[in-house]
Amino acid sequence: MKRSILALASGAFILGAAEFVMMGILPQTAAAMQVSIPAAGHYISAYAIGVCVGTLILVFGRKIPPKNLIILFMIIALVGNTLSAVSFNSPMLLAARFISGLPHGAFFGTATLIAKTLADKGKEAQSVSMMVTGQTVANMLGVPAGTLLSEMLSWRLAFAILAAWALMTMVLVIAWVPFVAPIKDAGIKGQFRFLTHAGPWFILMAVFCGNSGIFCWWSYVSPWLQKVGGWDSSLVPLLMVLAGFGMVIGGIAGGRLTDLWKPGATAGLSQAIATLGLLLVFFVPGNHVTTALLTFLIGFALFFNSSPQQLLMVQAGEGGGELIAGAAVQIAFNFGNAVGSIVGGAALTATAMNYHYTGLAGAPIALIAVIMLVTYSRRYETHTGATERMREVHV
């Protein structure tokens, strides 16, 4: 099982790095493509839109074994990142980023199902969190490495390396991931039956609003660190490591707390931390210490809610909609990224590039996520999995 999770985490690493590396190399990419910083934010949005569209792969591939789906997603990631590395103008890079995003949501929906299936009873969330750790490690190591490559050599190398990594991951998946039977074929309509209930909509709206709020700020974290924090551009990769470290710790902690407590409440706590962090981005004057601490704190919050939200949705989709439900989290996540990038860019434009206002623009949106998750938890989570296990009597 450990090798299988490692192979899946490798795929999560690629997609996490491909998604987030643009934040670290945004200034260099904007200069190379001869567009403004707010306009370059559309490269983030293009990836996010690809995530939403790519879920159609699962609609028509529901009968395909999950392992084969993962291999297909890595092929698409290979193509998208290769095209990103060789893009010669802005429209081509937008298209390449769209292609790179296509497998993202579908991958995490499928990988969550595999991780949950292979997990020991009572440790499903931890298994999912270990798979997602690949995405958080991408933020701790992959994104800073891409930022450093962009500073020292070329931003194109970051995408070239990701393309090669996708090829390597295909080999790992073929060798290490066992056969997992396809989900129950409930038909196209049956795959979406979980959306007829209110619970999943609370989760999806919380994911969307939470990420919209955070990405008002996170989309422009590199110039924010330089303009507000006073950091030299050469030190930004180290701060990306700090953000990524926060994401890794947050992801692991979220998985453990979910198995012990309520998934919805765990996610709500995460969004509350993020809201606080965004308010501090606006109110706290920028210096090296405060910007570094906020980078860690919001990074922690961003992935603290990942495994509980993924697990809740896969459980909601049981009976034929597991893959779509798991992918729906990533759709909401990346749709939120796209909207947050646009809202954050608009805030910068309206305030003559005052980066403090990215936090003020995002905080009210993130607060909606807190309200959604608190409401969900009070309505649907009357007890915890840990409580049920304590009630068991073993003779």
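A brief look at the structure comes next. (Residues numbered from 1 in each chain as written. Predicted model: local features only at pLDDT ≥ 70, side-chain atom pairs only at ≥ 80, totals over all residues. Heavy atoms only, no water.)

**Let's talk about the overall build of the protein chain**
Summing up its helical and strand segments, the protein chain has 20 helices and 0 strands in all. Relative to a compact globule of 395 residues, whose C-alpha radius of gyration would be 21 Å, the protein chain shows 20 Å and is just as compact. Along the longest, intermediate and shortest principal axes, the C-alpha atoms of the protein chain span 65 × 40 × 35 Å. Relative to its full complement of 395 residues, the protein chain shows a buried share of 59%. Restricting the contact set of the protein chain to residue pairs at least 6 apart, pairs at least 24 apart contribute 85%. Summing over all exposed atoms, the protein chain offers an accessible surface of approximately 15,000 Å²; the carbon and sulfur share of this is 71%. Here the protein chain holds 20 positive side-chain charges and 12 negative ones, and the gap between their average locations is 4 Å. (Helix = DSSP H or I, 4+ residues; strand = E, 2+ residues; numbered from the N terminus. Rg over C-alpha atoms; globule rule 2.2 N^0.38 Å. Buried < 20%, exposed > 50% of the residue type's maximum accessible area, 1.4 Å probe, protein only. Contact = heavy atoms within 4.5 Å. Areas by Shrake-Rupley, 256 points an atom, 1.4 Å probe, with all protein chains shown as cover. Lys, Arg positive; Asp, Glu negative; His and termini not counted. Charge placed at Lys NZ, Arg CZ, Asp CG, Glu CD.)

**What about the packing of aromatic side chains?**
With the rule as written, the count across this model stands at 14 aromatic pairs. On the basis of an interplanar angle of 80 degrees and a centroid distance of 5.2 Å, the ring pair of tryptophan 217 and tryptophan 224 is categorised as edge-to-face. For tryptophan 217, a relative accessible area of 1% puts it in the buried group. With relative accessibility at 1%, the residue tryptophan 224 sits in the buried group. Among the aromatic residues, ring-to-ring pairing joins Phe202, Tyr376 and Tyr380 into one connected group. (Phe/Tyr/Trp six-rings, centres within 6.5 Å; stacked < 30°, edge-to-face > 60°.)

**Section: the nonpolar core**
Side chains of nonpolar character tend, in soluble globular proteins, to be buried together. Core analysis: the largest hydrophobic core is formed by 111 residues, its most contacted members being Phe20, Phe107, Met131, Trp218 and Trp224. Element by element, the count of residues in this core is highest for helix α1 (residues 2–24), at 13 residues. Leave out the neighbours within four places in its chain, and tryptophan 218 touches Phe20, Met23, Met240, Ala243 and Met247. (Core = buried A, V, L, I, M, F, W, Y, C linked by side-chain atoms within 4.5 Å.)

**A short note on empty space enclosed by the protein**
Empty space among the atoms becomes visible once a probe the size of a water molecule is rolled across them. Taken as a whole and judged by the stated rule, the model has 2 cavities of 30 Å³ or more. What the largest cavity holds in volume is close to 40 Å³. Taken together, Leu302, Phe303, Asn305, Ser306, Gln309, Gln310, Val329, Gln330 and Phe333 form the lining of the largest cavity. Of all the secondary-structure elements, those providing two or more residues to the lining of the largest cavity are α16 (288–304), α17 (306–316) and α18 (322–350). Volume-wise, the second largest cavity comes out at about 30 Å³. Lining the second largest cavity, in full, are Trp224, Val228, Leu280, Val281, Val284, Pro285, Gly286, Thr290, Thr291 and Leu294. For the lining of the second largest cavity, the secondary-structure elements that each account for two or more residues are α15 (263–283) and α16. Its residues assigned to classes, the lining of the second largest cavity comprises 7 nonpolar, 3 polar and no charged. (1 Å grid on protein atoms, 1.4 Å probe; cavity = no way out; pocket = protein on both sides within 12 Å on 5 of 7 lines; lining within 4 Å. Points joined across faces, edges and corners; volume = space filled by probe spheres on them. Nonpolar A, V, L, I, M, F, W, Y, C, P; charged D, E, K, R; others polar.)

Any functional reading would require information beyond the geometric quantities listed.
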